[in-house]
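Descriptive analysis of the structure
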Amino acid sequence: MGFKEKITGYFLEQPGPAAVFQISPSYFAALKIEPEGISSENYFFEQLPAGLIEAQLLLPNLKQPEALEELIDTSVKKINPQGNGITIILPEMSSRVFIFHLENNPMTPAELVKFIEWRLEHQFSRPLSEIRYSYQTFNNGHEKKVLVVCTGQEVADEYEALFSRKKFHPGKLTIPSLSVLNLIMTTDGAANDFLLVEVDLDYLSLIAVIDGSPYLYRQKQLWPENQTNLESVLKEAGNTIHFIEDKARKSLSLAYLRSNPDDLAGLREEIEKSLKVEVVEVMTENKFLAPLVGGQ
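Residues numbered from 1 in each chain as written. Predicted model: local features only at pLDDT ≥ 70, side-chain atom pairs only at ≥ 80, totals over all residues. Heavy atoms only, no water.

**Here we look at the pairing of strand E9 (residues 194–199)**
By the criterion of burial, E9 is predominantly enclosed, with 6 of the 6 residues buried. Along E9, one buried face is formed by Phe-194, Leu-196 and Glu-198 and the opposite face, lined by Leu-195, Val-197 and Val-199, is buried too. Counting the residues that bridge the hairpin from E9 to strand E10 (residues 203–210) gives 3 residues. When E9 meets strand E12 (residues 254–259), the two strands line up parallel, connected through 5 bridges. Within the sheet, the bridge partner assigned to Leu-196 lies in E12 and is Tyr-256. (Buried < 20%, exposed > 50% of the residue type's maximum accessible area, 1.4 Å probe, protein only. Helix = DSSP H or I, 4+ residues; strand = E, 2+ residues; numbered from the N terminus. Pairing = 2+ DSSP bridges.)

**Details of helix H5 (residues 176–185)**
With respect to burial, H5 is a largely interior element, 10 of its 10 residues being buried. Those residues of H5 that sit buried are Pro-176, Ser-177, Leu-178, Ser-179, Val-180, Leu-181, Asn-182, Leu-183, Ile-184 and Met-185.

**Focus: the sheet that holds strand E13 (residues 278–281)**
Taken in spatial order, the 5 strands of this open sheet run E11-E10-E9-E12-E13, and their pairing is mixed. Every interior strand has two partners, whereas the edge strands, strand E11 (213–221) and E13, have only one. In this sheet, neighbouring strand axes are inclined to one another by 20° on average, regardless of whether the strands run parallel or antiparallel. Against the sheet, helix H6 (residues 229–247) makes contact with E9, E10 and E11, and its axis sits at roughly 150° relative to E11, the strand it touches most. Sheet strands in contact with helix H7 (residues 267–275) are E9, E12 and E13, and its direction is about 160° off that of E13. (Axes fitted to C-alpha atoms, helices over the stretch in contact; angles between N-to-C directions. Contact = heavy atoms within 4.5 Å.)

**Structural notes on unusual backbone geometry**
Unlike most non-glycine residues, Lys-167 shows phi in positive territory, near 70°. Relative to the elements of secondary structure, Lys-167 occurs in the loop between helix H4 (153–164) and strand E8 (169–174). Taking the relative accessible area as the measure of exposure, Lys-167 reaches 63% and is therefore exposed. We note that Lys-276 has phi near 55°; this positive angle belongs to a residue other than glycine. Residue position: Lys-276 is located in the loop between H7 and E13. Taking the relative accessible area as the measure of exposure, Lys-276 reaches 65% and is therefore exposed.

**Section: the side chain of Glu-160**
Assignment of secondary structure puts Glu-160 in helix H4. Take Glu-160: its relative accessible area is 17%, and that puts it in the buried class.

**Focus on H4**
The terminal C-alpha atoms of H4, which comprises 12 residues, lie 16 Å apart, in line with the 16 Å expected from a rise of 1.5 Å per residue. Listed as buried for H4 are Val-155, Ala-156, Glu-158, Tyr-159, Glu-160, Leu-162 and Phe-163. (Expected span 1.5 Å × (residues − 1).)

**With respect to the nonpolar core**
Counting residues in each nonpolar core, the largest one holds 33 residues, and the members touching the most others are Leu-181, Ile-184, Phe-194, Leu-196, Tyr-217 and Tyr-256. Those elements that place two or more of their residues in this core are strand E2 (27–32), strand E5 (95–102), strand E7 (143–152), H5, E9, E10, E12 and helix H8 (290–294). It is H5 that contributes the most residues to this core, 6 residues altogether. Within the second largest apolar cluster, 24 residues are counted, among which are Ile-72, Ile-88, Leu-162 and Phe-168. (Core = buried A, V, L, I, M, F, W, Y, C linked by side-chain atoms within 4.5 Å.)

Read these as spatial facts, not as claims about activity.
Structure (structure tokens):
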């Protein structure tokens, strides 16, 4: 099974949901899953005031859960999902993503878990009992890799409890950048070598895909309306492309871009001009829906 097939079930795989909910520090969104596709009646979006959500890996995120419960009620009244099974998209900076390169010698499942946990122990200062993680292995020609997504157990629990109080059954947990990557990889004609530049109001994620498999995953905190955000995105994207050229001996000429902030409206042109790559935008209209569509 290739990356395009595997990525659809990544991070706590569950059956298809009736709805996808996304909570970020800047907005709350929901999408009802229907065979007919997206209409104005089956999605919900509302900006959140600062301080309602604090995206942290190991500490509680929900500062005013009662306000979020009201938003869940309002969104459900609008989209009217036909079922209780849901996907939750966590804030990007509430999770960490690692890609570990494996030796060529085969590992048993138990040996692989032991290897992953050994690597994670070097990444965190907390016991692994406080971390929830999920992983997926990929073969990339001569090299095998494992992609690991982590969040704090307490953080995952509080989001699941929030929706459980509303009689929903949280299934898959995922993150925005991985959802957008899923959307790209399950689209006909997706390239095998590219850089995904995924920018929202509070984060930047960069994912380099080589030969159809993830090679490098980087996440960076951004601050809403910071005047240096555009400069940061261009610098980090350029550094990533140069790293791939040096390390993987690959020249990336294509970037997929999903950029939500209005103040970065000229980002596509800046990337093309500065980095000399072709840029394909992901969902040019209603860009906030891209993670929800990819997360279903």
